[in-house]
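Overview (structure and organization)
Now for the letters of each chain:
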Amino acid sequence: MRISRAIAGQLESSSWIRRMFESGVQLRRELGAKNVFDYSIGNPDVEPPEAVIAALRAVVAENLPRSHCYMPNAGYPEVRAILARRLAERSGIPFTADDIVMTNGAAGAINAVLKAILDPGDEVLVLSPFFPEYRFYIENHGGRMVLVETGGDFQPDPQRIVAALTPRTRALILNSPNNPTGVVYSEATLLAVNRVLPETVLVICDEPYRPLTFDGAVTPEAVRIFDRAVIAWSWSKAMAIPGERIGYLALPPHLPGIAQLRGACIMANRILGFINASAIWQWVVSAVPEATVDVAYYQEKRDLLCDALQSMGYDAPRPRGAFYVFPRTPIADDIAFIGLLQREGILAVPGTGFGRSGYMRLSLTIPREAIVRSLPGFARAIESALFPAAHSSSCLPQ
Ligand SMILES: Cc1ncc(COP(=O)(O)O)c(C=O)c1O
């Protein structure tokens, strides 16, 4: 059976992630699972907070009548009221239950709002380096992704954003704390971006990593800074429950045409096949909306890895949020360097996969002891990259 040209093309362009997965399978076979250090996947390696599991047990034990039925497509009104109140307290914007659409994680929220606003050929600005799934989300709805390079410190660059605007630009996706760079966008930069955006552009704030910040960093409240922004929120990373698929889309009540936009997003959530977000998990997250994994655990691993890499000569700045380190590769060819790491049993994703060659992404969702055991491999890889002649025949397994 023939598959669509669009999906065939998307399968081809997602090949970096697939290639890393296949390399992992192969490496585990060759070296044994214990000797493979998988930094490639952003899948939390911690259990959900005890408060989350307790809330789940309570919801199951209560098993209210009719609690497994269809519901309004936006989600349970009581749940949305609780979450709106919390968001209003945090942001200072008077959100109500009507402004919240419960979704299948941030991915569900982004897809719903894109479906609601895009006509075929409309453009969505994405800051590079970028989360590669954005391309597919945008193309799902006939849109066109337009990449805009960030500045040297990976902060948004208002002048480049202005240069990328066209009459077809409908949205700008902002992800802070950022995957893959770990950068938290500064308030001053976001204010500068707001000043250059025309009224017709909606900012989609993709915030699944908001509570995961280090050294006391606070993620600026983008929905307050921007005149026209929505939040795609998710508990996937905060509660370490990405398989449960729960999040929301928050639509500030002051947005022009809000009633129509709300209706469009709810319709999109329904017809994308989600119908509504998970019933049980709506009750769970509304019982303990702020429960968060131990951020100190990720911060400790960040410090361990970045200190070690820096002492070996890598340019590996400490991320301020999310759970990724984004060092420069010691040689400009990041794909070649990823190959050297693989020979040490280390799996990393080349920056090329995120639109920025010369870098690599290392996920901190790897166990601490695996980081420690992988360090000699990082040391040998930088040595052999910088002094290839000395290493051509000696210490690397073939
Ligand atoms: C930047 C970014 N946005 C969205 C998502 C999707 O998250 P969710 O599991 O909430 O759909 C991810 C997942 O890794 C992500 O890194």
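Our subject in this report is the structure included herewith. (Residues numbered from 1 in each chain as written. Predicted model: local features only at pLDDT ≥ 70, side-chain atom pairs only at ≥ 80, totals over all residues. Heavy atoms only, no water.)

Right, let's talk about the overall build of the protein for a bit. For the protein, the count of helices and strands is 15 helices and twelve strands. A globule of 398 residues ought to have a C-alpha radius of gyration of about 21 Å, and the protein, at 22 Å, matches this closely. Dimensions along the principal axes, computed over C-alpha positions, put the protein at roughly 65 × 55 × 55 Å. Intrachain contacts of the protein at a sequence separation of at least 6 include 75% that bridge at least 24 residues. Surface summary for the protein: the accessible area is close to 17,000 Å², and the carbon and sulfur share equals 56%. Taking the 38 positively charged and 39 negatively charged side chains of the protein as two groups, their mean positions are separated by 4 Å. (Helix = DSSP H or I, 4+ residues; strand = E, 2+ residues; numbered from the N terminus. Rg over C-alpha atoms; globule rule 2.2 N^0.38 Å. Contact = heavy atoms within 4.5 Å. Areas by Shrake-Rupley, 256 points an atom, 1.4 Å probe, with all protein chains shown as cover. Lys, Arg positive; Asp, Glu negative; His and termini not counted. Charge placed at Lys NZ, Arg CZ, Asp CG, Glu CD.)

An order of 2-8-7-6-5-3-4 is seen for the seven strands of this open sheet, with the pairing classed as mixed. What marks the edges here is a single partner per strand, and that holds for strand 2 (100-103) and strand 4 (144-149). The mean angle between the axes of side-by-side strands here comes to 25 degrees, regardless of whether they run parallel or antiparallel. With six bridges connecting them, strand 3 (residues 123-128) and strand 4 associate as parallel partners. When the bridges of strand 4 are listed, Leu-127 appears paired with Val-148. (Pairing = 2+ DSSP bridges. Axes fitted to C-alpha atoms, helices over the stretch in contact; angles between N-to-C directions.)

Looking now at the site of the ligand. Residues in close proximity to the ligand total 14 residues, the closest being Asp-206, Tyr-209, Ser-234, Ser-236 and Arg-245. Between the ligand and the protein, one listed contact pairs an oxygen atom with a backbone N or O atom of Ala-107 at 2.9 Å. A distance of 2.7 Å separates an oxygen atom of the ligand from a polar atom in the side chain of Tyr-209. For the ligand, the accessible surface in isolation is 400 Å², of which the surrounding protein chains cover 91%. (Near = heavy atom within 4 Å. Polar contact = N/O pair within 3.5 Å; in protein donor to acceptor, adjacent residues only side chain to side chain.)

Bringing the environment of Ser-357 into the picture now. By the element assignment, Ser-357 lies in the loop between strand 11 (349-350) and strand 12 (360-363). We classify Ser-357 as partly exposed; its relative accessible area is 46%. For the pair Ser-357 and Gly-24, spaced 333 residues apart in sequence, the C-alpha separation works out to 21 Å. (Buried < 20%, exposed > 50% of the residue type's maximum accessible area, 1.4 Å probe, protein only.)

Put simply, the largest pocket is a space of about 650 Å³. Together, 26 residues line the largest pocket, and Gly-42, Phe-131, Glu-133, Asn-179 and Lys-237 are the ones closest to its centre. Taken together, the elements giving at least two residues each to the lining of the largest pocket come down to helix 5 (105-117) and helix 6 (133-140). One number sums up the size of the second largest pocket: a volume of about 370 Å³. If you trace the second largest pocket, you find 19 residues lining it, with Arg-90, Arg-210, Pro-211, Trp-233 and Glu-290 closest to the centre. Class assignment of the residues belonging to the lining of the second largest pocket gives a composition of eleven nonpolar, three polar and five charged. (1 Å grid on protein atoms, 1.4 Å probe; cavity = no way out; pocket = protein on both sides within 12 Å on 5 of 7 lines; lining within 4 Å. Points joined across faces, edges and corners; volume = space filled by probe spheres on them. Nonpolar A, V, L, I, M, F, W, Y, C, P; charged D, E, K, R; others polar.)

Next up on the list: the side chain of Asn-194. As for its placement among the helices and strands, Asn-194 is situated in helix 8 (residues 187-196). Judged by relative accessible area, which is 12%, Asn-194 ranks as buried.

Count 3.6 residues to each turn of an α-helix, and residues three or four apart come out pointing the same way. Taken as a whole, helix 8 has its buried residues at Thr-189, Leu-190, Ala-192, Val-193 and Asn-194. Where helix 8 is buried, its residues contact helix 7 (158-164), strand 5 (169-175) and helix 9 (222-225).

Let's shift gears to the pattern of salt bridges. According to the stated counting rule, one finds 23 salt bridges in the structure shown. Two residues, Arg-262 and Asp-99, come together in a salt bridge whose shortest N-O distance is 2.6 Å. One end of the pair, Arg-262, is in helix 10 (residues 258-274); the other, Asp-99, is in the loop between helix 4 (77-91) and strand 2, with 163 residues separating them in the sequence. Asp-215 is paired through a salt bridge with Arg-302; the nearest N and O atoms lie 3.1 Å apart. In this pair, Asp-215 sits in the loop between strand 6 (202-206) and helix 9 while Arg-302 sits in helix 12 (residues 295-312), placing the two residues 87 residues apart along the sequence. Judged by relative accessible area, which is 54%, Asp-215 ranks as exposed. Several salt bridges share partner residues, and in doing so they unite Asp-215, Arg-302, Asp-303, Asp-307 and Arg-318 into one network. (Salt bridge = Lys/Arg side-chain N within 4 Å of Asp/Glu carboxyl O.)

For the bond from Ser-176 to Pro-177, the omega torsion is -10 degrees, close enough to zero to count as cis. Along the chain, the position of Pro-177 falls in the loop between strand 5 and helix 8. Positive phi, close to 55 degrees, is recorded for Asp-215, a residue that is not glycine. Of note, the phi angle at Arg-245 is positive, near 60 degrees, even though the residue is not glycine. With respect to the secondary-structure elements, Arg-245 resides in the loop between strand 7 (229-234) and strand 8 (247-250). Residue class for Arg-245 comes out partly exposed when judged on its relative accessible area of 29%.

Let's shift gears to the sheet that holds strand 9 (residues 324-325). Pairing in this open sheet of three strands is antiparallel, and the strands run 9-12-11 from one edge to the other. The two strands at the open ends of the sheet, each matched to only one other strand, are strand 9 and strand 11.

Together, Ile-3, Ile-7 and Leu-11 make up an exposed nonpolar region whose accessible area comes to about 250 Å². By secondary structure assignment, the location of Leu-11 is in helix 1 (residues 5-13). By relative accessible area, which is 39% here, Leu-11 ends up partly exposed. (Patch = residues over 30% accessible without salt bridge, like charges linked within 9 Å, V, L, I, M, F, W, Y side chains within 5 Å.)

Functional significance is not addressed by these values, which are geometric in nature.
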